[in-house]
Amino acid sequence: MTVDVLTHDEETAEAPAPVSTPEVSTDEAAVTESASPAAPSEGSAEPAAEEEAPKPKRGRPKGAATASTAKKTRTVELILTVTGTADGEWQAELKNGSKWVAKGLEIPAAAVSRAAKELHSDLSGPIDEVINQAREAQAAKVAALEAELEKAKQALAELDA
């Protein structure tokens, strides 16, 4: 859109022709007429130019001089939950954002211990303690069951005799 503004000398020399071309919309014609100093209701062209100028925006200006050179990386939220019991049974669950990828997968305690050692030593210490406690509990359970098995074998031998 173009706005023609006449000076006082040009105004007296010739009167502006009315805008009647089909390409110009009514909004553009109104802007052309209101920007003209001949319009007595609007005053000079300076206030019209001030009204059309956009207000400066708040915050940092965006442009080539202030563009960040930091590479934007895409982050992915994966939540891995590993749960263990006192009996030494371990399960894993994996969640991607709000969607479950895997739930209730049984995993061996040795794999949990290896994974914890690979991730960080602060993780492997507490996990190994839990695994060792479960190992001791299972060893005690095995010893008790072996003792009970021996009694049952002796009882069976006495019945056969």
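Above: the structure in question.
Residues numbered from 1 in each chain as written. Predicted model: local features only at pLDDT ≥ 70, side-chain atom pairs only at ≥ 80, totals over all residues. Heavy atoms only, no water.

**Student:** Which residues make up helix H4 (residues 109-119), and what are the values?
**Tutor:** In an α-helix, one full turn covers 3.6 residues, which means residues spaced three or four apart are oriented alike. Those residues of H4 that sit buried are Val 112, Ser 113 and Ala 116. Angularly, the buried residues of H4 cover 100° about the axis, an arc narrow enough to put them on a single face. Turned more than 90 degrees from where H4 packs its buried face, Arg 114 and Glu 118 sit exposed. Residues of H4 that are buried make contact with strand E1 (78-84), strand E2 (90-96), strand E3 (99-107) and helix H5 (121-160). (Buried < 20%, exposed > 50% of the residue type's maximum accessible area, 1.4 Å probe, protein only. Helix = DSSP H or I, 4+ residues; strand = E, 2+ residues; numbered from the N terminus. Arc of directions from axis to C-beta. Contact = heavy atoms within 4.5 Å.)

**Student:** Describe the sheet that holds E3, listing the residues and the values that go with them.
**Tutor:** The three strands lie next to each other as E1-E2-E3, forming an open sheet whose pairing is antiparallel. The open sheet terminates on both sides in strands that have one partner only, identified here as E1 and E3. Between one strand axis and the next, the sheet turns by 15° as a mean value, whatever way the strands run. Pairing geometry for E2 and E3, over six bridges, is antiparallel. Bridging from a neighbouring strand, Ala 92 pairs with Leu 105 of E3. (Pairing = 2+ DSSP bridges. Axes fitted to C-alpha atoms, helices over the stretch in contact; angles between N-to-C directions.)

**Student:** Describe the packing of aromatic side chains, listing the residues and the values that go with them.
**Tutor:** The final tally for this structure, using the stated rule, is zero aromatic pairs. If you follow Lys 103 out to its NZ or CZ, it ends over the ring of Trp 100, 4.6 Å from the centre. (Phe/Tyr/Trp six-rings, centres within 6.5 Å; stacked < 30°, edge-to-face > 60°. Lys NZ or Arg CZ within 6 Å of the ring centre and 35° of its normal.)

**Student:** Mind laying out the side chain of Asp 128, listing which residues take part and the relevant values?
**Tutor:** With respect to the helices and strands, the residue Asp 128 is situated in helix H5. We note that Asp 128 is buried and unpaired, the nearest opposite charge coming from Lys 117 at a distance of 4.2 Å. Discounting residues that sit within four places of it in the chain, Asp 128 has contacts with Ser 113 and Lys 117. (Lys, Arg positive; Asp, Glu negative; His and termini not counted. Salt bridge = Lys/Arg side-chain N within 4 Å of Asp/Glu carboxyl O.)

**Student:** Describe the layout of surface pockets, and please don't skip the residues or the numbers.
**Tutor:** Estimated volume of the second largest pocket: approximately 210 Å³. Along its surface, the second largest pocket is lined by Leu 80, Val 82, Ile 107, Ala 111, Val 112, Ala 115, Ala 116, Leu 119, Leu 123 and Ile 127. Only E1, H4 and H5 provide two or more residues apiece to the lining of the second largest pocket. Counting residues per element, the lining of the second largest pocket draws most heavily on H4, at five residues. (1 Å grid on protein atoms, 1.4 Å probe; cavity = no way out; pocket = protein on both sides within 12 Å on 5 of 7 lines; lining within 4 Å. Points joined across faces, edges and corners; volume = space filled by probe spheres on them.)

**Student:** Give a description of H5 that names residues and reports values.
**Tutor:** Taking 1.5 Å of rise per residue, the 40 residues of H5 would be expected to cover 58 Å, and the 57 Å separating its terminal C-alpha atoms lies within 8% of that figure. Turning to H5, its buried residues are Ser 124, Asp 128, Ile 131 and Ala 134. Check the buried side of H5 and you find it contacts E2 and H4. (Expected span 1.5 Å × (residues − 1).)

**Student:** How would you explain the packing of H4 against H5 if you had to name every residue and give the values?
**Tutor:** Taken N-terminus to C-terminus, the directions of H4 and H5 make an angle of 160°; their axes are 8 Å apart at the nearest point. Compared by their axis directions, H4 and H5 come out roughly antiparallel. Of the two possible hands of crossing, H4 and H5 adopt the one that is left-handed. On H5, the residues touching Ala 109, Val 112, Ser 113, Ala 116, Lys 117 and Leu 119 of H4 are Leu 123, Ser 124, Ile 127, Asp 128 and Ile 131. Considering only residue class, the contact of H4 with H5 consists of seven nonpolar, two polar and two charged. (Parallel < 35°, antiparallel > 145°, perpendicular 65-115°, else oblique. Left-handed = near helix turned anticlockwise from the far one by under 90°. Nonpolar A, V, L, I, M, F, W, Y, C, P; charged D, E, K, R; others polar.)

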